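The lines below spell out each chain.
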Amino acid sequence: MSAVRTLWVGAEALVTMAPAGTVIRGGYLRTEGHRVVETGPGTPAPARDEVVRRLDGCVVVPGLVNTHHHLCQNLTRAYGPAANAKLFDWLVALYPVWAGFDPQNLALAAQVGFAELLLSGCTTTSDHHYLFPRGAPPDLLDATIHAARDLGIRFHVTRGSMSVGESQGGLPPDRCTQDEQDVLRDCQRVVETWHDPQPYAMLRVALAPCSPFSVSADLMRETALLARAHGVRLHTHLAETLDEERYCLERFARRPVDFLEDVGWMGDDVWLAHGIHFSDAEVARLGRRRIGIAHCPTSNMRLGSGICRVADLRAAGSPVGLGVDGSASNDTGHALHEVRQALYLRRLVGGASAMTVLEALELATRGGAACLGRDDIGWLGPGAAADFAVFDRLADIALSGAHDPVAALLLCGPLRARTVVVNGRVVVDEGELLTVDLPTLLPRHREAAQKLVEAAR
């Protein structure tokens, strides 16, 4: 059966990000199956048997790419004991609640998290799941993979790990850690079972020890060897807080970047979450090795962690993408809102001209794709994946009176997408998610969140 061809015409603004943030006014795009085959200005005649979709009054952007998330955390949004805490205290307050994760509540959290991202224009997300409480089934992570397939989002799942608990000088309680050989065995299983290295893949795997204060140097080294033997990427938290820096100096007698070098992680197959507390020399080292950074502005501000040096890192050569981070430190999963936060935070530091709207959108598209090691997403043009989001500025009250349609996406937000297409498939239409029944899902999710907290008391 031949691939479905669709002509999307009449866009007020088509943001292609190809090659450098090109905006086509009065643009169109043509898709065939899972690929974009043509973009341009004007209104071409439809080909025979081609479906025509109108985009009048709409802005079209490449599907947003979320490079760091903890889907499970939306079960603990705005958790009172952690509402005003910095990172280490926040984690200590939440670990006992997260120890109750099981396949059922993890699946609900994943479905809600994916739904929230899709409705905000995100078509590709990663998830850093490192919580495998003792007694949980060994294939706990697979619940998120099944949810991604059900909802139709492009997914980079990272098999996280924590192996150093309180009894060994780490931060997490021992019941939230795993034996390191068990970790490595399941990492291999997840990669061999689920990773798809092909272009346009809907599911890829990365390996992701949680942080220097929850895993050993040996596990970091062994994970890197395993990942490179299987051709998958590596991810971890690094340089998020000064508390982490002090921990590394006390435990390893090394700063976080030096620790990363010691365990063999300084390569262009690595992307780091947060990446705030780097010296000038460390920024240069990371840039030379083209190590990616998942910038998480809302979480960083919420926890008072600091400000990522986005401009310096990019100038040094590091790809920089955006991450909504977990919905217990954000506490949302709205990808377009995260772009707005990145724009405003950069301007707060560098002035009103320090970052343009298109430069912020580039972080959330091409920058995120580079962090994930992909060149088939994050832009719109012949050969790109048919991943895009449509925002209707005529229908949304927040955009009434806006003049520049592209600037309005960030300056007037946050917004819900009208249409979202992933791999050529329409998954959001007229503002409604087509792949899950939210009125049925959300009460179940709220009930699971309540039970999780009650069980930890």
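This one's a predicted model, so the numbers in the text were calculated from it and none came from an experiment.

Caption draft 1: Structural view of the environment of Leu-322. Here Leu-322 shows up in strand E13 (residues 320-322). Given the relative accessible area of 3%, Leu-322 is considered buried. For the pair formed by Leu-322 and Ser-305, sequence separation is 17 residues and the distance between their alpha carbons is 16 Å. Once you skip the residues sitting within four places of it in the chain, Leu-322 turns out to touch Val-65, Asn-66, Thr-67, His-68, His-295, Pro-297, Glu-338, Val-339, Ala-342, Leu-363 and Ala-364.

Caption draft 2: Looking closely at the nonpolar core. Grouped together as the largest cluster of nonpolar side chains are 131 residues, with contacts concentrated most on Trp-90, Trp-98 and Phe-278. In terms of residue count, the dominant contributor to this core is helix H2 (residues 103-119) (11 residues). By size, the runner-up hydrophobic cluster in this structure holds 14 residues, among which are Leu-55, Val-60, Phe-388 and Val-421.

Caption draft 3: Summary view of the packing of aromatic side chains. Counted by the stated rule, this structure contains 8 aromatic pairs. With a centroid separation of 6.4 Å and an interplanar angle of 80°, the aromatic rings of Phe-213 and Tyr-247 are classed as edge-to-face. Of this pair, Phe-213 sits in the loop between strand E9 (203-209) and helix H5 (217-230) while Tyr-247 sits in helix H6 (residues 242-252); the two residues are 34 residues apart in sequence, bridging distant segments of the chain. Residues Phe-252 and Phe-259 carry aromatic rings whose centres are separated by 4.3 Å and whose planes lie at 25° to one another, so their mutual orientation is stacked. Put simply, the rings of Phe-88, Phe-213, Tyr-247, Phe-252 and Phe-259 touch in pairs and so form one group of aromatic residues. One Lys or Arg, Arg-159, reaches over the ring of Phe-132 and ends 3.7 Å from the middle of that ring.

Caption draft 4: Quick peek at the side chain of Ser-120. Along the chain, the position of Ser-120 falls in the loop between H2 and strand E7 (122-129). One polar contact links the side chain of Ser-120 to the main-chain carbonyl oxygen of Leu-117, over a distance of 2.8 Å. In this structure, Ser-120 is in contact with Leu-64, Gly-333, His-334, Ala-335, Leu-336, Phe-391 and Leu-415, ignoring residues within four places of it in sequence.

Caption draft 5: Quick peek at helix H12 (residues 357-371). Over its 15 residues, H12 extends 20 Å from the first C-alpha to the last, a length consistent with the 21 Å expected when each residue adds 1.5 Å. Considered for burial, the residues of H12 that qualify are Val-357, Ala-360, Leu-361, Leu-363, Ala-364, Thr-365, Gly-367, Gly-368, Ala-369 and Cys-371. Downstream of H12 by a residue or two, Gly-373 has a phi angle that is positive, lying close to 75°.

Caption draft 6: Region of interest: the environment of Met-202. Residue placement: Met-202 occurs in the loop between helix H4 (180-194) and E9. The partly exposed category is assigned to Met-202, whose relative accessible area is 27%. Once the C-alpha coordinates of Met-202 and Ala-148 are considered, the two residues, 54 residues apart in sequence, prove to be 9.1 Å apart. When near neighbours in sequence (up to four residues on either side) are disregarded, Met-202 contacts Gly-152, Ile-153, Arg-154, Phe-155, Val-422 and Asn-423.

Caption draft 7: Representation of the pairing of strand E14 (residues 388-392) within the structure. For E14, a buried count of 5 out of 5 residues is recorded, marking the element as mostly surrounded by other parts of the structure. Judged by which residues are buried, E14 turns out to be covered on both faces: Phe-388, Val-390 and Asp-392 on one side and Ala-389 and Phe-391 on the other are all buried. By the bridge criterion, 5 bridges tie strand E5 (residues 58-62) to E14 in an arrangement that is antiparallel. Bridging across to E14, Pro-62 finds its partner in Phe-388. In this sheet, strand E15 (residues 419-422) lies alongside E14 in antiparallel orientation, the contact comprising 3 bridges.

Caption draft 8: Fine view of the pattern of salt bridges. Tallying each qualifying case throughout the model produces 30 salt bridges. Here Arg-159 makes a salt bridge to Asp-186, at a shortest N to O gap of 3.0 Å. Of this pair, Arg-159 sits in strand E8 (residues 154-161) while Asp-186 is found in helix H4, placing the two residues 27 residues apart along the sequence. The buried category is assigned to Arg-159, whose relative accessible area is 1%. Of the residues examined, Asp-186 reaches a relative accessible area of 7% and is grouped as buried. For Arg-254, the salt bridge identified is with Asp-262, shortest N-O distance 2.8 Å. Residue Asp-262 is classed as partly exposed on the basis of its relative accessible area, which comes to 37%. Ionic contacts of the salt-bridge type, sharing partners, join the residues Arg-5, Arg-30, Glu-32, Glu-38 and Glu-50 into one network.

Calculation rules
Residues numbered from 1 in each chain as written. Predicted model: local features only at pLDDT ≥ 70, side-chain atom pairs only at ≥ 80, totals over all residues. Heavy atoms only, no water. Helix = DSSP H or I, 4+ residues; strand = E, 2+ residues; numbered from the N terminus. Buried < 20%, exposed > 50% of the residue type's maximum accessible area, 1.4 Å probe, protein only. Contact = heavy atoms within 4.5 Å. Core = buried A, V, L, I, M, F, W, Y, C linked by side-chain atoms within 4.5 Å. Phe/Tyr/Trp six-rings, centres within 6.5 Å; stacked < 30°, edge-to-face > 60°. Lys NZ or Arg CZ within 6 Å of the ring centre and 35° of its normal. Polar contact = N/O pair within 3.5 Å; in protein donor to acceptor, adjacent residues only side chain to side chain. Expected span 1.5 Å × (residues − 1). Pairing = 2+ DSSP bridges. Salt bridge = Lys/Arg side-chain N within 4 Å of Asp/Glu carboxyl O.

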